[in-house]
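Chain residues, written in single-letter form:
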Amino acid sequence: MGLRTDFIWMDGTLTPWDQANVHVLTHALHYGYAVFEGIRAYECVDGSSAVFRLKEHTARLFGSAKILGLTIPFTQEQVAAACVETLKANKMAAGYIRPLVFVGFGSMGVNPADNPIRLSIAVWPWGAYLGAEALEKGISIRTSSYTRYHVNSMMTKAKAAGNYVNSVLAKMEALADGFDEAMMLDAAGYVAEGSGENIFIVKDGVIKTPPLTTVLAGITRDSVLTVARELGYEVVEQFFTRDEVYVADEVFFTGTAAELTPIRAVDRRVIGEGHAGPVAKALQTAFFKVVKGENPAHADWLYKYGL
């Protein structure tokens, strides 16, 4: 993955990529006290480019900051505009956008005190997160030995940097054991999500996904739920166990990075026919039509821009 671009937006200014630095004593670097977003921009069929659900992603960033008690020194409109400005400055017709709100350099110690709240926005090209073949063939996952945070041990509705230590450990464990990704259970033992994705199962034509009680409110999750209902599928948000996953007809992940990635095996148990199933394929097709600007019913999900 080539991360280097020309500019990174830092605290209101487009800064040359190699000058977008922070001090080693930056508070967030030591304590993970930061929030972030992952947003995608796509090239549309009409030749334009569009950021997918920019308004919703920006609102979630501000919501995460509020949960952690961070006051972002910009408005939502300014941050959304800065995301687009950064894409344009780097001449990117499509790519991944990473806004990061973090506690900067100042006093040290657990209390962030009066340290400055800083905001950076980076963009880079990013294809299929779990590999291009994964969108068709599916991936293999394992149940993680790491438990998804209890709702009162960490703020699970915030996309907080520190929360992702849990995810990093789960991902590394899965890769070390020969799997592509992890499936995490919540503190009660129910299926929660992947290391960075929401999870869905399909059984007898019914689509299920865990409720938002313990999982992050994924914007791609919401988009897929909407599209699924429009296609006539029955959708249920309810808790389910990993043995219910084993006997599902289909399993798939959703997320900004993962988009809609089928799962072919869980804990070495083959799911369905061992590749993307008909429901996942139908939802993939519908989802990509939306992000490519081919579904006028969801034109409001796209913030179009030109280079």
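Look a little higher up for the structure.
Report follows, based on the coordinates. Predicted model only: the values in this text are computed from it and were never measured.

Thresholds, definitions, all that
Residues numbered from 1 in each chain as written. Predicted model: local features only at pLDDT ≥ 70, side-chain atom pairs only at ≥ 80, totals over all residues. Heavy atoms only, no water. Helix = DSSP H or I, 4+ residues; strand = E, 2+ residues; numbered from the N terminus. Buried < 20%, exposed > 50% of the residue type's maximum accessible area, 1.4 Å probe, protein only. Core = buried A, V, L, I, M, F, W, Y, C linked by side-chain atoms within 4.5 Å. Contact = heavy atoms within 4.5 Å. 1 Å grid on protein atoms, 1.4 Å probe; cavity = no way out; pocket = protein on both sides within 12 Å on 5 of 7 lines; lining within 4 Å. Points joined across faces, edges and corners; volume = space filled by probe spheres on them. Nonpolar A, V, L, I, M, F, W, Y, C, P; charged D, E, K, R; others polar. Domains from an automatic or database assignment. Expected span 1.5 Å × (residues − 1). Arc of directions from axis to C-beta.

1. Remarks on the environment of Glu133
Locating Glu133 in the fold gives a position in the loop between β7 (117-124) and α4 (134-137). For Glu133, a relative accessible area of 55% gives the class exposed. Sequence spacing of Glu133 and Thr261 is 128 residues, and the spatial spacing of their C-alpha atoms is 9.7 Å.

2. Observations concerning the nonpolar core
In this structure, Val51, Ile72, Leu87 and Ile97 are the most contacted members of the largest nonpolar core, which totals 29 residues. At the level of elements, β4 (39-43), α2 (54-68), α3 (76-89), β6 (95-103) and β7 are the ones that each hand at least two residues to this core. With six residues, the top contributor of residues to this core is α3. When sequence neighbours within four positions are dropped, the list of residues in contact with Ile97 reads Glu37, Gly38, Ile39, Val51, Cys83, Leu87, Ile121, Ala122 and Val123. If you look at the next biggest cluster of nonpolar residues, it comprises 23 residues, including Cys44, Phe252, Ala280 and Val290.

3. Things to note about empty space enclosed by the protein
The tally for this structure, following the rule as stated, stands at one cavity of 30 Å³ or more. If you add up the space inside the largest cavity, you get close to 50 Å³. Along the walls of the largest cavity sit Arg40, Tyr42, Phe52, His57, Thr220, Gly255, Thr256, Glu259 and Phe287, which together make up its complete lining. Residue classes in the lining of the largest cavity are distributed as three nonpolar, four polar and two charged. Residues from two domains meet in the lining of the largest cavity; each of domain 1 (7-124) and domain 2 (132-291) gives at least three.

4. Details of the environment of Val224
Mapped onto the elements of the fold, Val224 is located in helix α6 (residues 219-230). Residue Val224 is classed as buried on the basis of its relative accessible area, which comes to 2%. Here the alpha-carbon distance between Val224 and Asp267, two residues 43 residues apart in the chain, equals 25 Å. Discounting chain neighbours no more than four positions away, the residues touching Val224 are Phe200, Phe252, Thr254, Leu260, Leu283 and Phe287.

5. Looking at the layout of surface pockets
Computed from the structure, the largest pocket encloses a volume of approximately 740 Å³. What lines the largest pocket is a set of 34 residues, and nearest its centre among them are Phe36, Lys159, Tyr164, Ser195 and Gly196. If you list the elements that add at least two residues to the lining of the largest pocket, you get β6, α5 (164-176), β10 (191-194), α6 and β14 (250-255). Tallied by class, the residues present in the lining of the largest pocket amount to 13 nonpolar, 14 polar and seven charged. Looking at the lining of the largest pocket, you find at least three residues from each of domain 1 (7-124) and domain 2 (132-291). Looking at the second largest pocket, its volume works out to about 560 Å³. Along its surface, the second largest pocket is lined by 22 residues, and Ala20, Val22, Leu100, Phe102 and Ser120 are the ones closest to its centre. Put simply, the parts of the chain that give the lining of the second largest pocket at least two residues each are β1 (7-10), α1 (27-31), β3 (34-36), β6 and β7. It is β7 that provides the largest number of residues to the lining of the second largest pocket, a total of five residues.

6. With respect to α5
Residues that lie three or four places apart on an α-helix share one face, since the helix turns once every 3.6 residues. The end-to-end C-alpha distance of α5, which contains 13 residues, comes to 18 Å, matching closely the 18 Å that a straight helix rising 1.5 Å per residue would cover. Listed as buried for α5 are Asn166, Ser167, Ala170, Lys171, Glu173 and Ala174. Each buried residue of α5 sits inside an arc of 165 degrees when the element is viewed along its axis, so together they form one side. Opposite the buried face of α5, at more than 90 degrees from it, the exposed residues are Met172 and Ala176. After α5 finishes, the residue Gly178 shows a positive phi value of roughly 90 degrees.

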